[in-house]
Amino acid sequence: MPSPIRTERRDNVLVIVSDDPPVNALGQTVREGLAKGIEEALGDDSVEAVVIRCDGRTFFAGADITEFGKPPEGPSLPETLDTMEASDKPVVAAIHGTALGGGCEVALGCHYRVAVPSAKLGLPEVKLGLIPGAAGTQRLPRIVGAQAALPMVAVGNPIPASKAKSIGLIDEIVGEGSLEADAIAFAKSKIGQPVPRSSEGNANQDGVRNPDIFDEFRAKNGRKMRGFDAPNAAIEAVKAAGSMSYAEGVKKERELFTTLMSSTQSAAMRHYFFAERAANKIDDVPADTALIPVKKVGLIGAGTMGGGIAMNFLSAGIPVTMLEMKRDALDRGTGTMRKNYENTAERGRMTSEQVEGAMGILTPTLEYGDLADCDLVIEAVYENMDVKKEVFGKLDEVVKDGAILASNTSYLDIDEIAAATGRPGYVVGLHFFSPANIMKLLEVVRGEKTRGDVLATVMKLSKKIGKVAAVSGVCPGFIGNRMLSKRQEQANQLIMEGANYWDVDDVLLDFDFPMGPFQMGDLAGIDIGWHRDPSKVTTIREALCAAGRFGQKAGKGYYDYDEARQRTPSDEVKSIIADFATKEGTPQRNISKDEIRERLLYPMVDEGAKILDEGMAQRASDIDVVWINGYGWPLYTGGPMFWADTIGLDNVVAGLDKHDLSVSDYLRKKAEAGKRFTA
Ligand code: 3H9
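Residues numbered from 1 in each chain as written. Predicted model: local features only at pLDDT ≥ 70, side-chain atom pairs only at ≥ 80, totals over all residues. Heavy atoms only, no water.

Engineer: Please provide a residue-by-residue account of the overall build of the chain, values included.
Structural biologist: For the chain, the helix and strand inventory stands at 28 helices and 19 strands. For the chain, the C-alpha radius of gyration of 28 Å lies close to 26 Å, the compact-globule estimate for 679 residues. The principal-axis extents of the C-alpha atoms in the chain amount to approximately 95 × 60 × 55 Å. When burial is assessed residue by residue, the chain has 54% of its 679 residues classed as buried. (Helix = DSSP H or I, 4+ residues; strand = E, 2+ residues; numbered from the N terminus. Rg over C-alpha atoms; globule rule 2.2 N^0.38 Å. Buried < 20%, exposed > 50% of the residue type's maximum accessible area, 1.4 Å probe, protein only.)

Written out as structure tokens, the structure reads:
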């Protein structure tokens, strides 16, 4: 196989070029080619400078993640970079696209870095449960200082070229269309001068002078880092860059990197990296399916959901026509959207021009007819089948042929909704999660007749509006809410049997969910859907409503709330629950947190198994994508299906059996065969 790396001579400069689509990941053949290119440059006296660049859409996007966990094959990236950096001939990284992870480390190993204005640089290893492993944690602080290096290593968000220039990570911003020529000219201008080596830099002194920066960083980012091992290792590594020699620091980095690489957390996060990308692919819809152009979106309903959904498209520059039945509801809806944008601008995350730009492409209307020329119409009206059918019937009449009609339903039958139109092939479910302008997940519900091009179009569109999409078949609650209902069932049952409801919440908080079910009920409002007759009490929820315990907004729900909205368990609620249990004849007992955890989470895994067995999810990893992005399942455990694999399916089955809970044949058989859900 020809090497993905070639060398080209330009006068006295050797240009080393990588051409390994899609992202020039630093797999074995790329590393080998790079090492040979450097050897060629160093061994040839007529070469006086070196430029490293990549063909295709990006500079090296990092180590090849598919090689992780396999036996390492030389040459190693750290050694290659050390040889390169030791050279007296100037070596220049010419960066376009994204120089990430190992790719950024290649750039750091070069003596100089030039980049086009659209380039980004970063060390995102922490998002894979790792830290950089080719001296990135040691070279970066030595050029940009510990303070600027810390977020890059421990949070991992890439920075644009302009920021990279301002902190000294790149030396020059060059022309978008003349990267190679400009890099060669830059390299030539450095011939004969002593080369600066990142490993010899001393910008790390700010970390030594001001050790508080590490505590400040932890204080600021503690919540985001909760439960994750890699950010702490990243902080330790950057600290080492300020307190140890380069050689010792590199040794420390290697130790930390190796420990993380063999951890379950990193395996889980690497699983998620590929899961997110796999979820965007639909097995029987070819990648080259012609897409339906979506230039204009219609939205029905200007409530919280409709407004939030509309903002996604507006923010992506796609005009939206928003329909409501009444003027005041329409005005209220658009007013809330503007307020949300303005709040974002106040926090510095948008400019006022961007706010006006987004609001300027919104057309509010009271007329169905104004949706006629939309390419996609999404309805976000009341969750009721008759209402939805009526809306779709009307849309079918007014909206142009070939447009996609989508429902934001969270549990209704998309096939039944589609049957209310003469174009069921163009009907699809687009289940956004609240707040829809923030939450990442988009559950795409594929009806029996939904066309391939409709699916391909919405999957592509999901990326454009910054969502992570996963496909679900038609079943009550789809993937996410169907599994949630199993957890909720157990939560309710557990408190009837004597578990403290705060223990139920705390078990989920300890697992690193953002919230437990009873806290959630209080936040959303316990009175949602209540019949408003205090004399009719048949459930715990109705009893709470009858007692005026509507949730946080009333200062009391399952919990009592103080002014700072801190929760304390309520004796009143405890006795309401106990009364109910007595009435139902359910004996109360002490229930351990272990039992609570198993009964909350194992039935979800079983439901996930059924969803797979029925073909409602294409693959187990799609279920993980849904739960991580839509329900706050902790990323570092990889999602419910990967998590079940790590604890062993036999243990999940044993737990379900022990608690007398049902086990699907699919799960039992998989467990008996010693299999896993995920690869
Ligand atoms: C590291 O570098 C550790 C070192 O410190 C250690 C040194 C010793 N490897 O995302 P896309 C695939 S850790 C293998 O859809 P985009 C991806 O799976 C690494 N494959 O494109 C997909 O495949 P498919 C640190 C990779 O334009 C295809 O490429 N680096 C890798 O939306 C297209 O990807 C990172 O964490 C990889 N490194 O975004 C960067 N990267 O078509 C990870 C991508 O079969 N990568 N693939 O589904 C990214 O963030 C994005 O891919 C990128 C492009 C921004 C580059």
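Engineer: Lay out the site of the ligand in plain terms, naming residues and giving numbers.
Structural biologist: The local shell around the ligand holds 27 residues, among which Arg57, Glu105, Glu125, Arg277 and Lys281 are the closest. Between the ligand and Ile65, the relevant distance is 3.0 Å, taken from a nitrogen atom to a main-chain nitrogen or oxygen of the residue. Computed on the free molecule, the ligand has an accessible area of 1000 Å², of which 75% lies beneath the protein chains in the complex. Within the residue set of the shell around the ligand, elements represented by two or more residues are strand E5 (98–100), helix H3 (102–109) and helix H12 (264–279). When residues of the shell around the ligand are assigned to their parent elements, the largest contribution, three residues, is made by H12. In terms of residue class, the shell around the ligand is built from 15 nonpolar, five polar and seven charged. (Near = heavy atom within 4 Å. Polar contact = N/O pair within 3.5 Å; in protein donor to acceptor, adjacent residues only side chain to side chain. Areas by Shrake-Rupley, 256 points an atom, 1.4 Å probe, with all protein chains shown as cover. Nonpolar A, V, L, I, M, F, W, Y, C, P; charged D, E, K, R; others polar.)

Engineer: Outline the packing of helix H9 (residues 212–225) against helix H10 (residues 230–243), supporting the account with residue identities and numerical values.
Structural biologist: Contact pair H9 / H10: the axes reach a minimum separation of 11 Å and the direction vectors enclose 165°. Considering the angle they form, H9 stands roughly antiparallel to H10. In terms of crossing hand, the pair formed by H9 and H10 is right-handed. In contact with Phe214, Phe217, Arg218 and Met225 of H9, H10 contributes Pro231, Asn232, Ile235, Val238 and Lys239. Residues of the contact of H9 with H10, tallied by class, amount to six nonpolar, one polar and two charged. (Axes fitted to C-alpha atoms, helices over the stretch in contact; angles between N-to-C directions. Parallel < 35°, antiparallel > 145°, perpendicular 65-115°, else oblique. Left-handed = near helix turned anticlockwise from the far one by under 90°. Contact = heavy atoms within 4.5 Å.)

Engineer: Run through the packing of H12 against helix H25 (residues 620–630), naming residues and quoting values.
Structural biologist: For the pair H12 and H25, the least separation of the axes is 9 Å and the interaxial angle reads 100°. In terms of orientation, H12 and H25 fall into the roughly perpendicular class. Each of His271, Tyr272, Ala275, Glu276, Ala278 and Ala279 in H12 lies in contact with H25, whose residues at this interface are Ser621, Asp622, Asp624, Val625, Ile628 and Asn629. For the contact of H12 with H25, the residue count by class is six nonpolar, three polar and three charged.

Engineer: Please give an account of the pattern of salt bridges that cites residues and values.
Structural biologist: By the definition in use, this model includes 48 salt bridges. We note a salt bridge from Asp375 to Lys400, for which the minimum N-O separation is 2.6 Å. Of the two residues, Asp375 is situated in the loop between strand E12 (362–365) and strand E13 (376–379) and Lys400 in the loop between helix H16 (385–398) and strand E14 (404–407); the sequence distance between them amounts to 25 residues. Residue class for Asp375 comes out buried when judged on its relative accessible area of 10%. Salt bridges linked by common partners bring Arg6, Glu8, Arg10, Arg53, Asp55 and Glu180 together as one network. (Salt bridge = Lys/Arg side-chain N within 4 Å of Asp/Glu carboxyl O.)

Engineer: Requested: an account of the domain arrangement of the chain, with residues and values cited.
Structural biologist: Bring the parts together and some accessible area is lost; that lost area is often taken as the interface size. Each domain of the chain was delimited in the assignment, giving domain 1 (5–262), domain 2 (297–473) and domain 3 (500–584). Using C-alpha coordinates to define each centre, domain 1 is positioned 42 Å away from domain 2. (Domains from an automatic or database assignment.)

Engineer: Lay out a positive patch on the surface in plain terms, naming residues and giving numbers.
Structural biologist: A cluster of basic residues, Arg57, Arg277, Lys281, Lys460 and Lys463, forms a positive patch at the surface. Locating Arg57 in the fold gives a position in the loop between strand E3 (49–54) and helix H2 (77–86). Classification of Arg57 as exposed rests on a relative accessible area of 62%. (Patch = residues over 30% accessible without salt bridge, like charges linked within 9 Å, V, L, I, M, F, W, Y side chains within 5 Å. Lys, Arg positive; Asp, Glu negative; His and termini not counted. Charge placed at Lys NZ, Arg CZ, Asp CG, Glu CD.)

Engineer: Can you break down the side chain of Asp55 residue by residue, with the values?
Structural biologist: In this structure, Asp55 sits in the loop between E3 and H2. At 2.8 Å, the side chain of Asp55 and the side chain of Arg53 are in polar contact. Each residue touching Asp55, except ones within four places of it in the same chain, is listed here: Arg6, Val17, Ser18, Asp19, Asn24 and His96.

Engineer: Mind laying out the nonpolar core, listing which residues take part and the relevant values?
Structural biologist: Among the nonpolar cores identified, the biggest contains 82 residues, and Val51, Ile52, Phe59, Ile95, Leu140 and Leu169 are the most heavily contacted of them. The residues contacting Leu140, other than those within four sequence positions of it, are Leu108, Leu123, Gly145, Ala149, Met152, Val153 and Leu169. Judged by nonpolar contacts, the second largest core, of 67 residues, contains Phe511, Phe518, Trp627 and Leu649. (Core = buried A, V, L, I, M, F, W, Y, C linked by side-chain atoms within 4.5 Å.)

Engineer: Lay out the state of the cysteines with the relevant residues and their values.
Structural biologist: The tally for this structure, following the rule as stated, stands at zero disulfides. Left unpaired, Cys110 is separated from the closest cysteine sulfur, that of Cys54, by 10 Å. Relative accessible area serves as the criterion here: at 0%, Cys110 is assigned to the buried category. (Disulfide = S-S within 2.5 Å.)

Engineer: Outline the sheet that holds E3, supporting the account with residue identities and numerical values.
Structural biologist: Ordered by their spatial adjacency, six strands build an open sheet running E1-E2-E3-E4-E6-E9, and the pairing between neighbours is mixed. At either end of the open sheet lies a strand with only one pairing partner, and these are strand E1 (5–10) and strand E9 (172–173). As judged from the six bridges shared by strand E2 (residues 13–18) and E3, these two strands associate in the parallel manner. Bridging across to E3, Leu14 finds its partner in Val50. (Pairing = 2+ DSSP bridges.)

Engineer: Mind laying out the sheet that holds strand E7 (residues 120–122), listing which residues take part and the relevant values?
Structural biologist: What the three strands build is an open sheet, ordered E5-E7-E8; its pairing is mixed. Each edge of the sheet is formed by a strand with only one pairing partner; in this case those strands are E5 and strand E8 (159–160). Against the sheet, H3 touches E5 and E7, its axis set at about 90° to E5.

Engineer: How would you summarise unusual backbone geometry if you had to cite specific residues and measurements?
Structural biologist: For the bond running from Pro21 to Pro22, omega is 0°, close enough to zero to count as cis. Relative to the helices and strands, Pro22 resides in the loop between E2 and helix H1 (28–43). A cis amide bond, omega -5°, links Gly74 with the succeeding residue Pro75. Here Pro75 shows up in the loop between E3 and H2. Backbone geometry places Asp11, a non-glycine residue, at a positive phi of 55°.

Engineer: Outline the packing of aromatic side chains, supporting the account with residue identities and numerical values.
Structural biologist: As enumerated under the stated definition, the model contains 21 aromatic pairs in all. Aromatic pair Trp633 and Trp643: ring centres 5.7 Å apart, planes at 65°, arrangement edge-to-face. Of this pair, Trp633 sits in the loop between H25 and helix H26 (640–647) while Trp643 sits in helix H26, and the two are 10 residues apart along the sequence. You'll find Trp633 and Trp643 in the same group, each marked buried. Linked through ring pairs, Phe433, Phe511, Phe513, Tyr602, Trp627, Tyr631, Trp633 and Trp643 together constitute an aromatic cluster. Above the plane of the ring of Phe513 lies Arg487, whose end atom (NZ or CZ) is 4.9 Å from the centre. (Phe/Tyr/Trp six-rings, centres within 6.5 Å; stacked < 30°, edge-to-face > 60°. Lys NZ or Arg CZ within 6 Å of the ring centre and 35° of its normal.)

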